[in-house]
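Read off the chains here:
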Amino acid sequence: MTVTYSRKRYVRVCLGCDLLFDSQRGDQLTCSAACRVRVHRNGRARRWFGDVLRAGIPKEEIDLAFSLEVKALRLLRPDLADRVRAERGFTAEQWRGDLWRAYWDVVIEAVEADQALLVEDAA
Ligand SMILES: [Zn+2]
């Protein structure tokens, strides 16, 4: 039997804490309820929009959730982020899989690092 993993996942930088997180929702901006509240209180989303506009990105192209994905891409795969900037035709559908793999590498690395610590503690 073949099981196909077809759920769509998004990797983003959290607007509240600047850490990477993944979500199945296309519009999720924060990693947790605590960060969502923080962002609401400190007006960070609004300021962030201002920064993007000042960076010269056309207003009609601003999608905050998508921009947080590109920010994650910039962190994990700067080579692909450069391509996004340079090539109009290089769409998210083309780089999301690579971003997801790069994200998973980081997750696996973190898990393995934790395991190494556990082994050290046990010794
Ligand atoms: Zn967060």
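Here the structure is shown first, and the text comes after it.
Quick caveat, the model's predicted, so the values are computed rather than measured. (Residues numbered from 1 in each chain as written. Predicted model: local features only at pLDDT ≥ 70, side-chain atom pairs only at ≥ 80, totals over all residues.)

## Examining the overall build of the protein
What counts, and what does not: Every helix listed is a DSSP run of H or I at least four residues long, and every strand listed is a run of E at least two residues long, numbered separately from the N terminus. Field definition: a residue is buried when 20 or more other C-beta atoms are found within 10 Å of its C-beta, exposed when 12 or fewer are, and partly exposed for counts in between, with C-beta atoms placed from the backbone. We call two residues in contact when the distance between their C-beta atoms, placed using the backbone, is within 7 Å.
Scanning the protein for helices and strands turns up five helices and two strands. Listing each helix as α and each strand as β along the protein from the N terminus yields β-β-α-α-α-α-α. Scored against the burial criterion, the 123 residues of the protein give a buried share of 15%. Sequence-distant contacts, at least 24 apart, represent 40% of the contacts inside the protein between residues at least 6 apart.

## Considering helix α3 (residues 64-76)
For the record, the criterion: What a helix should span is 1.5 Å times the count of its residues minus one. Within this analysis, the arc is defined by the directions that extend from the helix axis to the C-beta atoms.
Along its 13 residues, α3 runs 18 Å from first to last C-alpha, staying within 8% of the 18 Å computed at 1.5 Å per residue. Within α3, burial applies to L68, E69, A72, L73 and L76. Projection of α3 onto a plane perpendicular to its axis shows the buried side chains occupying an angular sector of 150 degrees, all on one side.

## Observations concerning helix α1 (residues 33-42)
The buried fraction of α1 is low, at zero of 10 residues. G43 sits one or two residues past α1 and shows a positive phi near 65 degrees.

## Comments concerning the pairing of strand β1 (residues 10-13)
Note the cut-off: The pairing criterion is simple: DSSP has to find at least two bridges between the two strands.
Both faces of β1 are covered, namely the face carrying Y10 and R12 and the face carrying V11 and V13. Bridging between β1 and strand β2 (residues 20-23) involves four bridges; their strand directions are antiparallel. Paired with V13 across the strands is L20, a residue of β2. The hairpin formed by β1 and β2 contains six residues between the paired strands, and D18 there has a positive phi angle of roughly 70 degrees.

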